[in-house]
Each structure stands twice: as C-alpha cells, then as structure tokens.
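# Geometric and topological summary
The lines below spell out each chain.
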Amino acid sequence: MNSIKSVPARVLSRRPGHSLEAEREQFDKTQAISISKAINTQEAPVKEKHARRIILGTHHEKGAFTFWSYAIGLPLPSSAILSWKFCHVLHKVLRDGHPNVLQDCQRHRSNIREIGDLWGHLHDRYGQLVNVYTKLLLTKIAFHLKHPQFPAGLEVTDEVLEKTAGTDVNNIFQLTVEMFDYMDCELRLSESVFRQLNTAIAVSQMSSGQCRLAPLIQVIQDCSHLYHYTVKLMFKLHACLPADTLQGHRDRFHEQFHSLRNFFRRASDMLYFKRLIQIPRLPEGPPNFLRASALAEHIKPVVVIPEEAPEDEEPENLIEISTGPPAGEPAVVADLFDQTFGPPNGSLKDDRDVQIESLKREVEMLRGELEKIKLEAQRYVSQLKGQVNALEAELEEQRKQKQKALVDNEQLRHELAQLRAAQREGERNQGLREEAEKKASAIEARYHKLKEKHSELIGTHAELLRKNADTAKQLTVTQQSQEEVARVKEQLAFQMEQVKRESEMKLEEQSDLLEKLKEELEAKAGELVRAQEALTRTEQSGSELSSRLDALSAEKAALSSAMRQRDADLQAAQGLAREKEAALSREQQRSAQETAQLRGQLADKESQEQELQRRLLDEQFAVLRGTAAEAERILQDAVAKLDDPLHLRCTSSPDYLVSRAQAALDAVSALEKGHAQYLVSRSDASALVAALTQFSYLAADTIVNGSATSHLAPTDPADRLVDTCRECGARALELLGQLQEQQTLHQAQPSLVRRPLQGILQLGQELKPKSLDVRQEELGAMVDKEMAATATAIEDAVRRIEDMMNQARHASSGVKLEVNERILNSCTDLMKAIRLLVTTSTSLQKEIVESGRGAATQQEFYAKNSRWTEGLISASKAVGWGATQLVYVAPGSRRTGWCFTRASTKSSSSAPTRSRPARPSSWQLPR
C-alpha cells in the first residue's frame, strides 16, 4: 500500500464540468492503457507505475470489475510470458487492491484454473511457472474467502490471530494445516523460479531474469507473515496437545523453515532485491516448540519496502489527458545546439561549480545513507516492538498460569482437608479396632484359663475324654474349611466373616460346654471323693486309676499340641487374609488406573472418530460440488448451443425429443430422491451424485435436441420451444449452483426443473407429424371407396378419350389428324394399362387381405395395418388424379391451355380442390 500513498490526490479528483459518463469513459480508457502496458509479451518486469494505476482503479470503483473485463479479453493462451505477467499483476491487485477484489476474483477462478491447466500440459519454461503461480493464486483466494479475518495482505495483529484461532483445538489444528498448505504453494513458486535461473551469471540484472524474479517480492511479503503465524499457532497447539500427536506438524514446519531460510538467503544475495526490498534474516535453527519459554525468543520477521524513487511518468493522469505540445521541446533544441556548436561564451564551469556539484553529490549520498539508517532503525524498532508484544503475551500467559495455579492450590487445599478428615475417621476406626482387639485378647485370656481348668478336669473321667475327642474333630473340620476358604479369592471377605461367625458360635458352644463340664465336674468331684474312699479301701482300684491317669496325661498332651497347631493355623489364615486384602486393594487401584486410561483412550478415539466423520462429510460434499460443477459446465455448453450459429444445421425429430424429455423427467425424480437421502444422511452422496450426473446429461441432451428440433418447426412453435429450453437451462443451472454451496443446499428444489421439461415434452408431442384424420375403424371402408373412385375415374377417362378421338376424326385431317390419332392412341393404351394396373392391384390387395387377416374381418385387417392402408389410399388417389389430369391435357380438349396454366400456378380459387398426396416415407406391405 506504500505505492498507493505516493500517488498524488489529483488522480482521483473529478474535473469540474465533466459528466459522470465522460469521467467513466476516461477512467475505462486509462485502465485499458495501464493494463495493456503492464501485461504484454515483452520479457521484462511489470512497471510499478502501471500496476499502481490498476490498483488505484480498484479503489476508485470499489472492485475489480473493469480489470477483469479487460483481462478476460487478453490472449493469455497465446503467450506464456503474457500469462506470467497477468498472474503477477493479479497477485499485486489481490494484496493491495480494494477488499472487494477478492469476491470479483472468486467469480473468475475457473478462468485462472484453465490458464494454469493449459500451460501445465505444455513443455514451456514460462508455462510451468504459470501453472505453479495459478495454483498459488487459487490457494490464496480460497484461504482468504474461508478466513475473512485475514486480509489479502496477510497483515493482522496477534490479537486478531488469537481471536481467529479461538479456543477449540480442532480449529487451531485445521488453521495450522491450511497455513502450511499456503506456505507450500509460496515456496514451490520460489523454488521453480530459482530452478530456471542460471546462478553462474548475474541474471538479476537482465530483463529476462527480472521478469521471473519480480513476483517473488510479493512471495517474500506473504511468507514473512505466514512464518510468524505458524510459529504462534504451533506454540498454541503444543500447549493443548501432547508432543507425540504433533510430530507430523513439527516435521513439516522444520522442512518449511529450512526452505524459507534458504529462499531468503538466496534472495538477499541478489542485486535486484537489494534496492527494492529489505529481506529479514531467520535464526539458525527452528524454534523449540517443546519448551514454552522459547516463544519469548521468537522475533517476528519484518519486511521493509523502501520508498521508491519517482519514476518518469507519462504526462497523463487517471482522469484527463493533456493534448498540448510537449513542454520539453525548447530544451531539446538547446541541447542539440550545444552539441553541434559548443556552449556559449561565459558558460564554462569554474572550480567552484565543480566543488558545489561534488558537495551536492556527497549530500545526496549522505541523505541516502541517512535514509538507510532510518530504515534500519525502523526495522529494529519494529523487531523490538514485536519482542515487547511477545514478552507481554508471555507475561499474560504467566498471569493466566498463576491464576490457574491459585485455583489448583485451592482445589488441593480442599482435597487435603478431605484427606485429613478421612485420616481422622481412619484413626477413630483404628481406636475402635484396638478396643475390639483388647476385648478379644481378654476373651482369649479367659478362654486359656478355662482351658487350663478344663485340662485339669479331663483326667477325672473317661466320658470327658470322648467328648474332648469329638471337640478336636470339630476343630479339625473347622480348620479344613478355613483352608478351603483361603484358596478362593473372589469369596474371601464373605468367607472370613463366615469363619468369624462360626468361631464365635463355637466359642459360645464351648462356653456352654464348659458350664456343663463344670456341673459334671462338681458331680464327678463327689464321685471322686467316693472313689478315693474306695481307693483307700482297695489297692487294686488305685493301681487301675494310676494307669488311667497316665493315659489321660498322654491324651492331654496330644490335645494341647492340637490346640497349639490350631492357633498357629488360625494366625496363618489371618495373615493370608490380610495379604489377600492388600492384594485386592492393589488390584482395585490398578483397575481404577486402567479404567482411567481406557476412558482417556476412549475419549481420544471418539475425537478421532468425530474428525474422521467430519472429513468424510467434507469429502462427500467435495465430490458433490465437483459433480455439480461438471454438470454445470455440461448444461452451460448445452445452453450455449441455443445461440451457436454452427448448430443451425443440426436437426432432430420430435419423436426423439419426446423420448429425451421423458428420460429427463425420470432423472428429475431420481434427483429428488437422491437429494432427500443426502439431506437425511450427509455421509453418503453416491445416490445424489449418480442422479446428478444422469440428470445433467439427459437435460443437456434434451436442450440440444430441442434446439435441433426447432430448426425444422414453424416459427411460433420453434420460438416457444427455444424459450422453454432456455428456461429449462436456467432452472437447472440455478439448481446446480445451489447444490455447490453448504448454505443453499437445503433450499435446492429439483422439482422446479420439472415444469420446463414438461413444456418441452408437450411441444414435442405437438410437433409430431399427424396421420390421416380418419379413425382406424373407417380405414377399411375408405380403401374400398378410394379404389372404386379410382376405377370410376379411369373408366370416365377412357370414355372421354374415345369421344375426343371421334371428334378429332371429324374436325381434323391430314398430318394433324395423324398426330392427334397417335397421341390419343397412346393415351388409350396408357389408360388401358392403368386400368389393368388397378384391376391387378385390386386383386392383389384382396389376396393380401385374405391371406393375412386370419380370423379377423377386412376392416380389422386394415385398422391393424393402418400405415400400409394409408399408403394404399394415397396411391389410389394419385392414380385417379393422374388419369383425370391426362384427360385435361389430351389433344382436342377444350381445357388444354387452362389445365396447363392451373398445373403451373395452382393459385386460383376456381381450380379443382383435389391435390396430389405425397407418398408415405415408408410404404411397406404388411407381413
């Protein structure tokens, strides 16, 4: 835009007294001159003043309508250099022109694509460059239409970039990919240009080299902004996604970084760029996106365009053109005089003038250096501003992180309070557990005391030994049940509770048993007293009791060892239960972690599935849009044939037109069904694409055959048929345009095309040739009637010829009589032959009817073979009419002269109304 500011304001001012029409005409003329001078076949760079006038014209008319109206007429397919300079001018107009230029260029994307495809298929050096340049322009137009926040000059603030990217990581991801594609197109153009240049010589000082290098100035400006934006977006992506997910992005960025750094280095070494643009220097290595603080080290590359020296402009402006004589003519004459005769006396320069000129040159040189210093300072200031902005952004990010840390701290405090409450609850439960253990230990001590008393009482009685043996067996069974419970992991907790309950029940039973044993012990004590008394009374009973006591002692020792073994097994079972509980808790924690990981993976899979679904929808719509665009080109070609003078020789029959229109109507039904299915399910556009392809072909075929049919139709039906074909094409093109946009896809109504197609079908049926206006059941009677009338006409003709022959014998003589007799004899022979022909044909007709009608009647046979019947009727009429005319032109007839006059003119109202019918196109005998 610096070039626009340097143009004086008088260029756009309106001259007083001039009308708007004259001003517009002058503007168009100036734009045409500038476009023709900027875009030509000379292998030289585009002059800046011509491009500046074209850009100012877009601001003057708030669009690029005038530019495209002249650009379309340029013979771009004839010259690759012309196409190359057209792409250069279009790139400058997109960057520096009015914002509405983007919309105007969108409407001519097909023209740009066609030029690129044309030159891409040819082995021309400039043609290959044009192919790459058109792809860059199409990518640029599509990107800025999709993201209107970015102007065509790509210069926005970091706040606008943040707002455009948003907070959705999918949008940031997609925007980064689109900028990578944009950068690839820019770098591909620069690599193609450098590949064609010979670096061994100073190509940048040659006009051919400058013609190729000139568009790279706009490429450098675009790449500097794109590099800065991709760095910002990559840091933003790494803050939201893991590093492994973005490995592909990092590889692509590193590849583009090295290509861009190499491009800037090679361009800065060329003399051509040094006076036109100051190219920034990129760092030695790419930014480290894995380290968030590396964003502060990033410096935005700033491209500086120095102020251009005023060029020798032509003595014309954009509004008015001066037609007076050139003002510099006397100076030219004076220069010629000085060159011929030398300078006048006293005009020789002295030393002071030389010193003054040298001082002026030094001042100019110092001014240039001062300007360079100012530009360098401005570049440093802009870089420092960018660094300050980056530091402010980092400070803001640290503030956000601090705020987030405060929130996380509050959450951690809350969680710590919850943990402390849980710990206190656990300590309380631990106290209760210790109290329960103390109670259990007291009960166990009491149990040991009872067991000691019980062991003391065992030896007193054999009955007690048997009961203790039963108790030992029950304890063994309990131990086995506990070991079985320990082997089952899933029912461990339930079985432990069951074991505890059984132990308590056993303890209660043993307590009851001890009470009973106490009672029995008291009873046995009495018996023991009595036994001791008896013992003293008898020595034999004492010896027996001693042996019993020894046996009871041995049983007591065995029972004690069994009890100790049971206690050890019980403790081992408790330890195993505690280990199982710990393993169960660890298993629960691991299951919780695996569940969390699986949930995260499930969320990633869902996001990937959503992304794949979105890509599928985009691809389906892209296929639909491509099909609709191709169908639109087919219909546009068919509509163009309505006005094509070369198509006037093409003809078609109404029958074929009716068949094509009916097929197109069936295709409309399929198109409606496919459109409804696609609106219900956007993931499958196959039915709509197939129906759209068939519809476009059949509709175009209907329009072309409608135009061809109108060439043989009368004027009014032909005009109505052409108008209906135009309406059908307009409706179909409107429908295809709606199918190419997401916003108007729901508004598309394929049924609107049905009405003009029905109109074409109706007009085709009206233009079909009509047969005889006779019902088929009357054809048989008409055949007999016409054959009888033909026979009567022949008999009448024979009779009249005989009368004329008799009259000629009475009225003439000599040579005339001989001539008339010969003519009449020939007519008589001819009429006899005709009568024989009619008689034979009648017989043959009867044979054909009798042999071919089978069980049907004669009228049914004629109705079934209506085409042959109509031919027979036509032939009989022709024979009868010929016989009648032969009588009229025979010699001796009074109407001879009148008949020849009527046969030539056929215009009098008093002439016979019977005319000779045309023979049918296909007169065949029935099979």
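Provided above is the structure to which this section pertains.
Not measured: the values here are computed from a predicted model.

Below, the discussion takes up helix H13 (residues 247-268). Its 22 residues place the ends of H13 32 Å apart at the C-alpha level, agreeing with the 32 Å of an ideal helix rising 1.5 Å per residue. Residues of H13 that are buried include every one of His249, Arg250, Phe253, Gln256, Phe257, Leu260, Phe263, Phe264, Ala267 and Ser268, and no others. Projection of H13 onto a plane perpendicular to its axis shows the buried side chains occupying an angular sector of 150 degrees, all on one side. Tucked inside the fold, the buried residues of H13 contact helix H10 (169-196), helix H12 (216-238) and helix H14 (271-274).

If you walk through the whole model with that rule in mind, you get 16 aromatic pairs. With a centroid separation of 5.7 Å and 45 degrees between ring planes, the pair formed by Phe143 and Phe150 is classed as tilted. Accessibility expressed as a relative area gives 6% for Phe143, which makes it buried. The exposure class assigned to Phe150 is buried, which follows from its relative accessible area of 2%. Among the aromatic residues, those joined into a ring-pair cluster are Tyr227, Phe235, Phe253, Phe257 and Phe289. The positively charged end of Arg266 is found above the aromatic ring belonging to Phe194, 4.4 Å away from the centroid.

Turning our eyes to something else, we now look at the packing of helix H9 (residues 158-165) against H12. Where H9 contacts H12, the two axes come as close as 11 Å, and the packing angle between them is 50 degrees. By the criterion of interaxial angle, the relationship of H9 to H12 is oblique. You can see that H9 and H12 cross each other, and the crossing is right-handed. Contacts from Asp158, Leu161, Glu162 and Ala165 of H9 reach H12 at His228, Tyr229, Lys232, Leu233 and Lys236. Of the residues assigned to the contact of H9 with H12, the class counts are four nonpolar, one polar and four charged.

Phe67, Phe263 and Phe273 are the most contacted members of the largest nonpolar core, which totals 89 residues. Top element by residues in this core is H12. It accounts for 13 residues. In this structure Phe273 touches Leu213, Leu216, Ile217, Ile220, Ala267 and Ile279, once residues within four positions along its chain are discounted. One finds Leu671, Leu692, Leu721 and Val753 within the second-largest nonpolar core, a separate group that totals 42 residues.

This part covers the pattern of salt bridges. This model, assessed by the stated rule, comprises 27 salt bridges. As a salt-bridge pair, Arg252 and Asp184 come within 2.7 Å of each other at their nearest N and O atoms. With Arg252 in helix H13 and Asp184 in helix H10, this pair connects stretches of sequence that are 68 residues apart. For Arg252, a relative accessible area of 25% puts it in the partly exposed group.

As a further point, take a negative patch on the surface. Taken together, Glu504, Glu508, Asp512, Glu515, Glu519 and Glu522 make up a surface patch of like negative charges. The residue Glu519 is located in helix H18 (residues 492-537) in this model.

Each value, and the rule that gives it
Residues numbered from 1 in each chain as written. Predicted model: local features only at pLDDT ≥ 70, side-chain atom pairs only at ≥ 80, totals over all residues. Heavy atoms only, no water. Helix = DSSP H or I, 4+ residues; strand = E, 2+ residues; numbered from the N terminus. Expected span 1.5 Å × (residues − 1). Buried < 20%, exposed > 50% of the residue type's maximum accessible area, 1.4 Å probe, protein only. Arc of directions from axis to C-beta. Contact = heavy atoms within 4.5 Å. Phe/Tyr/Trp six-rings, centres within 6.5 Å; stacked < 30°, edge-to-face > 60°. Lys NZ or Arg CZ within 6 Å of the ring centre and 35° of its normal. Axes fitted to C-alpha atoms, helices over the stretch in contact; angles between N-to-C directions. Parallel < 35°, antiparallel > 145°, perpendicular 65-115°, else oblique. Left-handed = near helix turned anticlockwise from the far one by under 90°. Nonpolar A, V, L, I, M, F, W, Y, C, P; charged D, E, K, R; others polar. Core = buried A, V, L, I, M, F, W, Y, C linked by side-chain atoms within 4.5 Å. Salt bridge = Lys/Arg side-chain N within 4 Å of Asp/Glu carboxyl O. Patch = residues over 30% accessible without salt bridge, like charges linked within 9 Å, V, L, I, M, F, W, Y side chains within 5 Å. Areas by Shrake-Rupley, 256 points an atom, 1.4 Å probe, with all protein chains shown as cover. Lys, Arg positive; Asp, Glu negative; His and termini not counted. Charge placed at Lys NZ, Arg CZ, Asp CG, Glu CD.

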